[in-house]
Amino acid sequence: MTARVDEVCYRDAYARTAEARVLEVASADGPPLVVLDSTLFYPGGGGQPSDRGLILRAADGRSWTVRAAKRIGGEIVHELDAPDDGELPAAGDRVRIDVEWARRYALMRTHTALHALCGVVWRDYGALVTGGNMEPGAGRMDFEFETMSGDLVGEIEAKVNDELRHARDVRVNVLPRDEAFAIPDLIRTRINLLPEGIEQIRTIEIVGLDLQADGGTHVANTSEVGGIRVTGYESKGRINKRIRLELTDPEA
Ligand SMILES: [Zn+2]
């Protein structure tokens, strides 16, 4: 079965505006929901929040604010702010979609910085990632990292910044499940917890540093991230430790 929605963000994270057609509109209970035949919006997941932006109707220029996107029944759905006059787009309408780009791009840089952190922590300390979360310009990662200390955190920050400065390419790949399972490094991201039904595994590689199964959006080269600062670390138990970071040049 071919999906009826073209999900652009997974192959082109830099697409910020596009044309689309409205497939379906629902507003029975809760906020209005719109399905488009093509979307640039990331629906959230893996610690990365969903995009925000606008839908603009081609025929009359009427626009609606997209306050979030989410995956419902396997499809990306756009959640709109309910307009005062109650008017919604209709199935068949041609629209332009605009992702709130400054926010999305900050998330791409932040997400890539977190991968660089994972890469360094795995390579140099052998610590597994157990979770993570981010907002534009700041994020956190949890590790199974019994020996982490304040001294180590400073060392990790310097190493991550060094890796980012190396201007490493960041590549997206989609692999058949069995091929992905054959990559030893992917196991640390708990790929074995992925549901049975998933046949294709998307991977994000920071060339020479990090390789993970991942669904988010990232920049194409670590030079776009700029630098990071570790803003805190906490023990979440004897073994589990949390590292917080922020981008040091959020305006770049
Ligand atoms: Zn990721």
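For the structure itself, consult the block above.
Let me sum up the structure you'll find in this document. Bear in mind that the values here come from a model prediction, so they are computed numbers and not experimental data.

Read around the barrel, six strands follow the order S2-S3-S7-S6-S5-S8 and close on themselves; strand pairing throughout is antiparallel. The mean angle between the axes of side-by-side strands here comes to 45 degrees, regardless of whether they run parallel or antiparallel. Direction of pairing for strand S3 (residues 33-36) relative to strand S7 (residues 75-80): antiparallel, over a ladder of two bridges. In the sheet register, Val34 faces S7, and the bridge partner there is His78.

The protein atoms that coordinate the zinc ion are His111 (NE2), His115 (NE2) and Asp214 (OD), at distances spanning 1.7 to 2.1 Å. Ordering the donors of the zinc ion by residue number gives the pattern H-x3-H-x98-D. One end of the pair, His111, is in helix H1 (residues 101-125); the other, Asp214, is in the loop between strand S13 (210-213) and strand S14 (228-235), and 103 residues separate them in sequence. When its relative accessible area of 3% is taken as the criterion, His111 is described as buried. For Asp214, a relative accessible area of 15% gives the class buried.

Here the focus is H1. The first and last C-alpha atoms of H1 sit 35 Å apart over 25 residues, in line with the 36 Å expected at 1.5 Å per residue. Most of H1 sits out of view: 20 of its 25 residues are buried. One or two positions beyond H1, positive phi appears at Gly126, with a value near 65 degrees.

Quick look at the pairing of S14 now. Note that S14 and strand S15 (residues 240-247) share seven bridges and pair antiparallel. By the bridge assignment for S15, Arg229 is matched with Glu246.

Conventions adopted
- Residues numbered from 1 in each chain as written.
- Predicted model: local features only at pLDDT ≥ 70, side-chain atom pairs only at ≥ 80, totals over all residues.
- Heavy atoms only, no water.
- Pairing = 2+ DSSP bridges.
- Helix = DSSP H or I, 4+ residues; strand = E, 2+ residues; numbered from the N terminus.
- Axes fitted to C-alpha atoms, helices over the stretch in contact; angles between N-to-C directions.
- Donors = N, O, S within 2.8 Å, 3.2 Å for Na, K, Ca; no water.
- Buried < 20%, exposed > 50% of the residue type's maximum accessible area, 1.4 Å probe, protein only.
- Expected span 1.5 Å × (residues − 1).

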